[in-house]
Structure formats: C-alpha cells, structure tokens
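# Overview (structure and organization)
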Amino acid sequence: MPNTFVQSTDDVVKFLRDQHNLIKDLFEEVFSASTDEAREKAFIELRQLLAVHETAEEMVVHPRVRREVADGEEIVEARLHEEHAAKEQLSKLESMDIGSEEFITELTKFREAVIDHADHEEQEEFNKLQRKLDADDLERMAKAVQAAEAIAPTRPHAGVESATANFAIGPFASMLDRARDLIGAALR
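Every chain is numbered independently, its residues counted from 1 as its sequence is written. With pLDDT at 70 or above as the cut-off, local features in this predicted model cover only qualifying residues; side-chain atom pairs require 80 or more to be listed or tallied, and sums for whole chains, interfaces and linings still use all residues. Each side-chain value is derived from all of the structure's non-hydrogen atoms; neither hydrogens nor water enter the calculation.

The name that an unreviewed UniProt entry assigns to the chain is Hemerythrin, with the source organism given as Mycolicibacterium wolinskyi.

### What to know about the overall build of the chain
For clarity, the cut-off: Helix numbering and strand numbering both begin at the N terminus, where a helix is a DSSP run of H or I of at least 4 residues and a strand a DSSP run of E of at least 2. Each residue's exposure class comes from its accessible area (1.4 Å probe, protein chains only) as a fraction of the maximum for that residue type: buried when under 20%, exposed when over 50%, partly exposed otherwise. Contacts: residue pairs with any heavy atoms within 4.5 Å of one another. Here, Shrake-Rupley sampling with a 1.4 Å probe gives the accessible areas, and only protein chains in the shown set may cover a residue.
Summing up its helical and strand segments, the chain has six helices and zero strands in all. The order of helices and strands in the chain, counted from the N terminus, is α-α-α-α-α-α. Burial statistics for the chain: of 188 residues in total, 48% are counted as buried. In the chain, of all internal contacts separated by at least 6 residues, the share reaching a separation of at least 24 is 74%. For the chain, the accessible surface area stands at approximately 9300 Å², while carbon and sulfur atoms represent 54% of it.

### As for the packing of aromatic side chains
Filter applied, for reference: We call Phe, Tyr and Trp rings a pair once their centres come within 6.5 Å, taking the six-membered ring for Trp, and we label the pair stacked below 30 degrees between planes, edge-to-face above 60, and tilted otherwise.
Applying the stated criterion to the full structure yields two aromatic pairs. Seen from their ring centres, Phe43 and Phe103 are 5.3 Å apart, and the 80 degrees between their planes marks the pair as edge-to-face. With Phe43 in helix α2 (residues 36–68) and Phe103 in helix α4 (residues 101–132), this residue pair connects regions lying 60 residues apart in the sequence. For the pair formed by Phe43 and Phe103, the shared burial category is buried.

### Topic: the pattern of salt bridges
Condition: Just to be clear on terms, a salt bridge is a Lys or Arg side-chain nitrogen sitting within 4 Å of an Asp or Glu carboxyl oxygen.
Here the structure, examined in full by the defined rule, presents 15 salt bridges. The salt bridge partner of Arg64 is Glu68, with a shortest N-O separation of 3.2 Å. Remark: Glu68 and Arg64 occur in helix α2; sequence separation between them is four residues, near one turn of the helix. Each of the salt bridges in this network shares a partner with another, and the network as a whole consists of Arg64, Glu68, Asp137 and Arg140.

### Some words on helix α3 (residues 72–94)
Put simply, the rule is: A helix is expected to span 1.5 Å for every residue after the first.
For α3, which comprises 23 residues, the first-to-last C-alpha distance of 32 Å matches the rise-based estimate of 33 Å (1.5 Å per residue) to within 8%. By the burial criterion, the buried members of α3 are Gly72, Ile75, Val76, Arg79, Leu80, Glu83, Lys87, Leu90 and Leu93. Against α2 and α4 lie the buried residues of α3.

### Remarks on the nonpolar core
Filter applied, for reference: Side-chain atoms within 4.5 Å link the members of a nonpolar core, which is a set of buried Ala, Val, Leu, Ile, Met, Phe, Trp, Tyr and Cys residues.
Ranked by size, the top nonpolar core spans 21 residues in total, and within it Val12, Leu16, Val61, Val65, Leu129, Met141 and Val145 carry the most contacts. Elements represented by at least two residues in this core include exactly α1 (12–32), α2, α3, α4 and α5 (135–151). Beyond its immediate stretch of four places on either side in the chain, Leu129 contacts Val61, Arg64, Val65, Glu68, Val69, Leu138 and Met141. Listed in part, the 20 residues of the second largest apolar core include Leu26, Ala42, Ile104 and Val114.

Structure (structure tokens):
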C-alpha cells in the first residue's frame, strides 16, 4: 500500500492538494528510475495512490460538491468523465512492458491528463469547497477521505466512479486488489 501520508490532515483541501503533489513526485520517480525493477516499484506505488485517492474523492468530495457548489452537478460529471478515462489508461499501462519505450510514451500522456485533472479539481472543486465550508466541515471531510482511502481498491476499476458504486463494489474490489498486491509482491 502506498504511503498516502501528507502533512495536513485537518483540512480536506490541503490534504488532497498535498496528495496531488505526491502523485506528481511519484510520476517523476517512475520516469527517473534507473532499472525496470525500480520503475515497476514506483509505478505500483503510483497506481495504488491514484486508485485510493480517486476513490476517496468519488465517495466524499464529489457528493459534497454536487450539493454545495453552484453548477456542482456539471463540475462533478466532467471530473467523473476524466476519472473514468484515467482508470482505462491506467489499466492499459498496467498491462504494458514497463521497460518499453511505448510504456514511457503512454505514461507521459497519462501524466499530462492526471495533472490537468488535478488542476481542474483544485480550481473547480477544492477552492469552491474551501470558500463554502467552515474549518470543522473541512476537517470532517479530511477524516472521511482518510477512512475511504483505508478501504479503497488499489487498482483502477473503470465504471466505478460514483459514490454509490464505490460503496457497493469498492469493499470487494479492495479485498481482491489488496490480495493481488500481496501475492504479486511475494512473487517479485
């Protein structure tokens, strides 16, 4: 399981922005890895963090944005479309030879999409939530995001982008993903 620890845990916006920065750092680790083994290790950590991070946003942040933010429905639908596409791209990357030039090319495109998505979240969701909610709400949401991440799947599951689907399917997918992760680690 990736280290999802970030400095601020008392404000959901700060917590998620810090995770966005960690995700960017993990992309750089994958690109700068000197061996295929190091690249694979960094990619697995990136994949796991992206999976739990997006699940938590889908379960906690997006529903709140729908209720609290003007045009929240449109904003969330656009982010869910991006998240679905990202899960498909990440699944494709998982099946590729990590040492190939094709992997690096596809990962470069994926990184650009992920950074663009994060920028949209920060501008269209996080900033608006921060203005709308008080410190207690932001802290409660941070705790809810951390709880969601603790039980979230560690692999991408395209088609599971709603809070309802994550609550219904997520625990089973998480159990299977975490077992696959442990078995995969034992076989490396």
